[in-house]
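# Secondary and tertiary structure notes
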Amino acid sequence: LVLYLFDSFKPRTAAAPQGHYWMETAATILHADLDAFYASVEQLLDPSLRGRPIAVGGGVVLAASYEAKAFGVRGGMPGRRARELCPHLVFVGGRFGEYQRLGDAAIRVLDDFTPLVERISIDEAFADVAGCTHLFGTPEAIAKTIRRRVRDELGLPISIGVARTKHLAKIASQVAKPDGLVVVDPATELAFLHDLPVSLMWGVGPATQARLAGSGIETIGQLATTHSGALERLLGHAAGQKLAALAWNRDPRKLQTHRRAVSAGAQSALGRRPAEPRVFVPTLLHLADRVASRLRAKARPGRTVTVRVRFADMRAVSRSVTLEQPIQATAMLAEIAEELVRGVLADNAHERAISLLAISVSHLEEHTELQLELPLGLADEKRRPGSRAGLARVGADRAIDRIRDRFGKAAVGYGSVALEATRSVPDAFRELAEKEL
């Protein structure tokens, strides 16, 4: 347990950007994160697994217990490599209905203290308790009560970070793991933040971390004191500015309790596969099917299609296109995504392997009136939602949706996807993680 007490007002530290003073609010934002959630649920439901290294999955590790993590086993790791690191590793299939039930139950504990709860995944959420301290005590006391209730009522460990901003609260909950509580005092938040590795920051993945490390930036403090121009040249204008602000804990975002989705996306980790059509075409169709079915279910077609290709060295390239009319047909989305991916690969012809593919659709619209089109024999007629071919594609998708609603998602699908090599990550697991829409 690490504990930092509160303060209320102080000038910026000398190291921070100068210009004015600011009034600090109390640390009232909680970030609650269930520890090793999927593995913890499996150990809860099967007591014989408690204290043993376990992994959810098979061909790929979907999640690992802390006992397995001690051997270096991590989510996304091939199962063969995990077994090499931990010969006594126990693989379990995954009980996705139980993950959903227990994740919902944990979030409802937060709801008992404040209506200001923003759920960001199945096993984590923010809560702002500023307005309920007169009822339940200090933010620290509320966090302790939440942790006790989740443990007593659900049998699950949960770590909580308490801070003045969302970004710092999330970092504090990571520092608190496993099964701990960290309350960050506004008076000492920069001292707390700047000693931590940049990998804990929101938006710093393996590729960004490697790029920063290549410039000698390994801690948040080093990032904070790096000239903004150098950061922007290294990471790009938007990412450089965002990370520089977060390094000084400048995060004005409020909790969004009724956030409306602005995009829908899906991704597939491939391990290390050849950058060839036989690999990426079926994968893109599978991803497009997952994304487009969610767009149709919510009647929210989108105009901008973005793909992301990550190569074997973790370098990622994105490309997007904005369409004249919003789409929600699986085949249309897959074909557009394939065209974009082929463009990425053509521009990176030296890359021989890919490790991840992702598709997202943004600029979502509601209650769109479809503009019908005359059959003019255009080359892209099948990709036009208002053409005869486009309408036929949407009609076929809706028939597939109805069959799946009645008989399950495995009842019908696209042949090239069904005939693809066995998929190591179950769609039930993917759906738990895909909460944008």
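Residues numbered from 1 in each chain as written. Predicted model: local features only at pLDDT ≥ 70, side-chain atom pairs only at ≥ 80, totals over all residues. Heavy atoms only, no water.

Before going further, it helps to examine the overall build of the protein chain. The number of helices and strands found in the protein chain is 17 helices and 15 strands. Total accessible area computed for the protein chain in this model is approximately 21,200 Å², and 54% of it derives from carbon and sulfur atoms. (Helix = DSSP H or I, 4+ residues; strand = E, 2+ residues; numbered from the N terminus. Areas by Shrake-Rupley, 256 points an atom, 1.4 Å probe, with all protein chains shown as cover.)

Summarising the element assignment, alanine 264 is placed in strand 12 (residues 263–274). Judged by relative accessible area, alanine 264 falls into the buried class, the value being 0%. Spatially, the C-alpha atoms of alanine 264 and isoleucine 359 are 8.5 Å apart, while their sequence positions differ by 95 residues. (Buried < 20%, exposed > 50% of the residue type's maximum accessible area, 1.4 Å probe, protein only.)

Bringing helix 13 (residues 277–297) into the picture now. With 21 residues, helix 13 extends 29 Å from end C-alpha to end C-alpha; this agrees with the ideal 30 Å at 1.5 Å per step. Alanine 299 sits one or two residues past helix 13 and shows a positive phi near 50°. (Expected span 1.5 Å × (residues − 1).)

Another aspect to go through is the sheet that holds strand 14 (residues 316–327). Taken in spatial order, the 4 strands line up as 12-15-13-14 in an open sheet, and their pairing is antiparallel. Every other strand in the sheet has two partners, leaving strand 12 and strand 14 as the edge strands with one partner each. Strand-to-strand twist across the sheet, computed as the mean angle between neighbouring axes with direction ignored, equals 15°. Two elements, strand 13 (residues 302–311) and strand 15 (residues 353–364), share 9 bridges in a ladder whose sense is antiparallel. Residue pairing for strand 15: phenylalanine 311 is matched across the bridge by isoleucine 354. (Pairing = 2+ DSSP bridges. Axes fitted to C-alpha atoms, helices over the stretch in contact; angles between N-to-C directions.)

It is worth spelling out the packing of aromatic side chains at this point. Counted by the stated rule, this structure contains 6 aromatic pairs. Relative to tyrosine 99, the ring of phenylalanine 96 has its centre 5.6 Å away and its plane inclined at 90°; by these criteria the two rings are edge-to-face. Here tyrosine 99 and phenylalanine 96 lie together in helix 4 (residues 96–111), a separation of 3 residues that amounts to about one turn. In this pair, the class of phenylalanine 96 matches that of tyrosine 99, namely buried. Ring pairs connect the aromatic residues Phe37, Tyr38, Phe96 and Tyr99, which therefore count as one cluster. One residue, lysine 69, lies across the ring of tyrosine 66, its end atom 4.8 Å from the ring centre. Of note, lysine 166 hangs over the ring of phenylalanine 126, and the distance from its end group to the ring centre comes to 5.1 Å. (Phe/Tyr/Trp six-rings, centres within 6.5 Å; stacked < 30°, edge-to-face > 60°. Lys NZ or Arg CZ within 6 Å of the ring centre and 35° of its normal.)

Two elements in contact, helix 13 and helix 14 (residues 330–347), have axes whose closest approach is 8 Å; the angle formed by their N-to-C orientations is 140°. On the basis of their axis angle, the class for helix 13 and helix 14 is oblique. The element helix 13 and its partner helix 14 pack so that their crossing is right-handed. Contacts from Pro277, Phe280, Val281, Leu284, Leu285, Ala288, Asp289, Val291, Ala292 and Arg296 of helix 13 reach helix 14 at Thr330, Leu333, Ala334, Ala337, Glu338, Val341, Arg342 and Leu345. Residues belonging to the contact of helix 13 with helix 14 are distributed by class as follows: 13 nonpolar, 1 polar and 4 charged. (Parallel < 35°, antiparallel > 145°, perpendicular 65-115°, else oblique. Left-handed = near helix turned anticlockwise from the far one by under 90°. Contact = heavy atoms within 4.5 Å. Nonpolar A, V, L, I, M, F, W, Y, C, P; charged D, E, K, R; others polar.)

Membership of the largest hydrophobic core comes to 41 residues, with the highest contact counts inside it found for Leu30, Phe37 and Ile146. Beyond its immediate sequence surroundings of up to four residues, phenylalanine 37 is in contact with Tyr99, Leu102, Gly103, Ile122, Asp123 and Leu156. Of all hydrophobic cores here, the second largest spans 35 residues; its members include Val291, Val305, Ile327 and Ala337. (Core = buried A, V, L, I, M, F, W, Y, C linked by side-chain atoms within 4.5 Å.)

For the rest of this paragraph, the subject is the packing of helix 4 against helix 6 (residues 139–154). The geometry of helix 4 relative to helix 6 is characterised by a closest axis approach of 10 Å and an angle of 145° between their N-to-C directions. Considering only the axes of helix 4 and helix 6, their crossing is right-handed. Residues Leu102, Ala105, Ala106, Val109 and Leu110 of helix 4 lie in contact with helix 6, whose contacting residues are Ile146, Arg149, Val150, Glu153 and Leu154. Residue composition of the contact of helix 4 with helix 6, by class: 8 nonpolar, no polar and 2 charged.

On to the pattern of salt bridges. Counted by the stated rule, this structure contains 24 salt bridges. Here arginine 149 ties to aspartate 112 by a salt bridge, and the two come within 2.9 Å at their closest N and O atoms. Of the two residues, arginine 149 sits in helix 6 while aspartate 112 sits in the loop between helix 4 and strand 8 (117–121), which places them 37 residues apart along the sequence. Aspartate 112 gets classed as partly exposed once you look at its relative accessible area, which sits at 44%. The partner of arginine 278 in a salt bridge is glutamate 276, with the nearest N and O atoms 2.8 Å apart. Note on glutamate 276: relative accessible area 33%, which makes it partly exposed. (Salt bridge = Lys/Arg side-chain N within 4 Å of Asp/Glu carboxyl O.)

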